[in-house]
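Coordinate inspection notes
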Amino acid sequence: MIKTRGIITLAALMLCCMVQTKAQENVQDDGKYTAGLLKAGDEAPDFVIENGDTLAGMHLKDFRGRYVVLDFWASWCGDCRREIPAVKALHKRFASDGVVFIGVSVDQKKEAWMKCVRDNGMDWVHHSELKPWKETGISADYNIKWIPTMYVVDPKGRIALATIKTEEVEKYLSSVF
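Cut-offs used in this document
Residues numbered from 1 in each chain as written. Predicted model: local features only at pLDDT ≥ 70, side-chain atom pairs only at ≥ 80, totals over all residues. Heavy atoms only, no water. Salt bridge = Lys/Arg side-chain N within 4 Å of Asp/Glu carboxyl O. Helix = DSSP H or I, 4+ residues; strand = E, 2+ residues; numbered from the N terminus. Buried < 20%, exposed > 50% of the residue type's maximum accessible area, 1.4 Å probe, protein only. pLDDT = per-residue confidence, 0-100. Contact = heavy atoms within 4.5 Å.

Attention shifts here to the pattern of salt bridges. This structure, assessed with the given rule, holds five salt bridges. Glu170 is the salt-bridge partner of Arg93, the closest N and O atoms lying 2.2 Å from each other. Remark: Glu170 occurs in helix α6 (residues 166-176) and Arg93 occurs in helix α3 (residues 78-94); sequence separation between them is 77 residues. By relative accessible area, Glu170 is classed as partly exposed at 27%. Among the salt bridges present, the one from Lys171 reaches Glu168, with a minimum N-O distance of 3.4 Å. Residue Lys171 and its partner Glu168 are located together in helix α6, separated by three residues, close to a single helical turn. On the basis of relative accessibility, which here comes to 25%, the residue Glu168 falls in the partly exposed class.

Written out as structure tokens, the structure reads:
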């Protein structure tokens, strides 16, 4: 009986390790998760900032003439939370160049979302429809199938980059500035 439990436990541990390794490989495969996203040159769908910021009521198009980073995330998303320090570093580095950062949360609970923003010092523009992820208009407009997902919008309002990797955003913005 004890030997059987040991074998079952070992098999379960091996399965967990295989699943974790496969998940890490998949997250590193930017192309798999960016398939279906808007392409470079596509016009960025406009939206009105709501629910989280003093800039509520402004449109994305109001930022024409500047680069804009759209960071699709949620407070309940472990991968998103792990990326917060990297997004903060991007903001710190490129905001002085005039790059606008907009956090697009797919949270449904404003309290949890705003607490995460405050607790992590995410001092840029924030937006949320406060609806389930698959029911938000912005997720549909930007074809969001995975979070975190990031877009860079160029000064003409066109998509410059779509990725799940902050290092790709950093590389792109570094080539511009």
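Per-residue confidence for the chain gives a mean pLDDT of 87, with 82% of residues at or over 70. This stretch, residues 8-28, has a pLDDT under 50; its non-local contacts, to residues over four places away or in other chains, come to eight contacts.

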